[in-house]
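# A closer look at the structure
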Amino acid sequence: MSQKTPQHANERAANRFLDRVDDSGFWESIDLRFCAVRNGRRWVNLITRGFLDHRSSRSVPKLSPVDRRDVRAWQVVRPVAELPDVVRGIAGGMAKLRPRFVRYVDESGQPTVNLRYSFSELAASYRTAEYDAWSCHSLVGFGSSIFDAVKQGGHDPFELDGMIRSGRNAYDGLPDLVRRFCARPGGLKVQGSTTVVELIAPLAARFDRESVASTPERVTVAVRAASDVFVAKAEFGWTLGTSGEPLRHGSTKLVEHAWKQEGAALRSQLHIPIRKRR
C-alpha cells in the first residue's frame, strides 16, 4: 500500500464535504474549537470541532480560551469563504489559523486522522450523528489515542485533567472541556478515546416528530428552523402511505408557510392531505 494513500483518502473526503456544502447559501461563518497539546515547539491536535453557522463571524458568541503551558483550547471564527482553506489544511496535516498552527500529522509526516465524509440524517433510525440537533453534512476523522498523543509530547497523560483544572478559565478536566468548550455532548476521556476532527454543516430545518397530529383528512406536522435563511432556501419532501392506496410523494417550500419565533428558533406547521384531491 502506498504511503500516500491515507493522505489521498483524506483529500477525497475533504473534497466531498466541500462539494456538498459549497454555494448552498445557508452559512456565513465557521466556528472552530481546538484543543491541542504541546509537542516541542508544535501544537498537536487532540480535538478539533467546527460548526458552520448561519450568523456572521462577528455575531458568533466568543469563548474565553484555556491557556496552559502544555495544553490549550481556543476558538477561531472565520467567514465561510475561508472554509476550503480550513478543510484542505486539516486534510493536508496542518491548520494554519492564528493565534497558532495545529498539526494533524505524526513525526513521519503521515496523517494522524483518517477523514470520512457522511450525511447524518436526524430522522434515520440507523443514524450515528456526532451532532444531533439537525441533520448535517459532516467531515469526521479519528486518529491515534489521546493517551499516546499526550505521552509523545513528553507529558504524563494522567496529569492532563489536572492541567486543565488549574489556572484561569478552568474546566473539570478533559471530558468537561470537550463537552462544554468544544460542544461535544458525549465528551471524551484520556484513556480509551482517540484524537478527533469533526466539521459539521447543519441543515437547520426539521420536522418536530413529537408534534404530529392527524385527522381523517390530513396530517399536521410541526416544523422548526434555526433562522430565516433556512426558511427562505429550504424545501421539504414527504411521503405518505394510506391503506389501500399507493404511496404519494410531495414537497413544499418552507417560505410559502407562516412562521413565528419560538425561543431561539422559528416554528411553523405543514398540513399534508391524506388523500389526493379529486
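As shown above, the structure is provided for reference.
A brief structural summary. (Residues numbered from 1 in each chain as written. Predicted model: local features only at pLDDT ≥ 70, side-chain atom pairs only at ≥ 80, totals over all residues. Heavy atoms only, no water.)

## A few points about the pattern of salt bridges
- Tallied over the full model, the rule gives 13 salt bridges.
- Between Arg33 and Asp31 there is a salt bridge; the shortest N-O distance is 2.8 Å.
- Judged by relative accessible area, Arg33 falls into the buried class, the value being 11%.
- Given a relative accessible area of 5%, Asp31 falls into the buried group.
- Close ionic contact of Arg55 with Asp53 constitutes a salt bridge, the shortest N to O distance being 2.7 Å. (Salt bridge = Lys/Arg side-chain N within 4 Å of Asp/Glu carboxyl O. Buried < 20%, exposed > 50% of the residue type's maximum accessible area, 1.4 Å probe, protein only.)

## As for the environment of Leu177
- Position of Leu177 among the secondary structure elements: in helix α5 (residues 173–181).
- Sequence spacing of Leu177 and Val86 is 91 residues, and the spatial spacing of their C-alpha atoms is 23 Å.
- The residues contacting Leu177, other than those within four sequence positions of it, are Cys35, Val66, Ala73, Ile164, Tyr171 and Cys182. (Helix = DSSP H or I, 4+ residues; strand = E, 2+ residues; numbered from the N terminus. Contact = heavy atoms within 4.5 Å.)

## As for unusual backbone geometry
- Put simply, Arg98 and Pro99 share a cis peptide bond, and its omega is 25 degrees.
- Within the element layout of this structure, Pro99 appears in the loop between β5 (94–97) and β6 (100–103).
- One non-glycine residue, Asn169, lies in positive phi territory at about 50 degrees.
- Within the secondary structure layout, Asn169 lies in the loop between α4 (160–165) and α5.
- Of note, the phi angle at Ala183 is positive, near 55 degrees, even though the residue is not glycine.
- By secondary structure assignment, the location of Ala183 is in the loop between α5 and β9 (194–203).
- A relative accessible area of 28% means that Ala183 is categorised as partly exposed.

## Notes on the sheet that holds strand β10 (residues 205–214)
- Here we have 4 strands laid out as an open sheet, ordered β10-β11-β15-β14, and antiparallel in their pairing. The sheet is open, and its two borders are formed by β10 and β14 (260–262), each paired with just one other strand. With direction set aside, neighbouring strand axes in the sheet form an average angle of 35 degrees.
- Sheet topology places β10 next to strand β11 (residues 218–225); 7 bridges connect them, and they run antiparallel. Residue Asp208 lies in a different strand from β11, and its bridge partner there is Ala222. (Pairing = 2+ DSSP bridges. Axes fitted to C-alpha atoms, helices over the stretch in contact; angles between N-to-C directions.)

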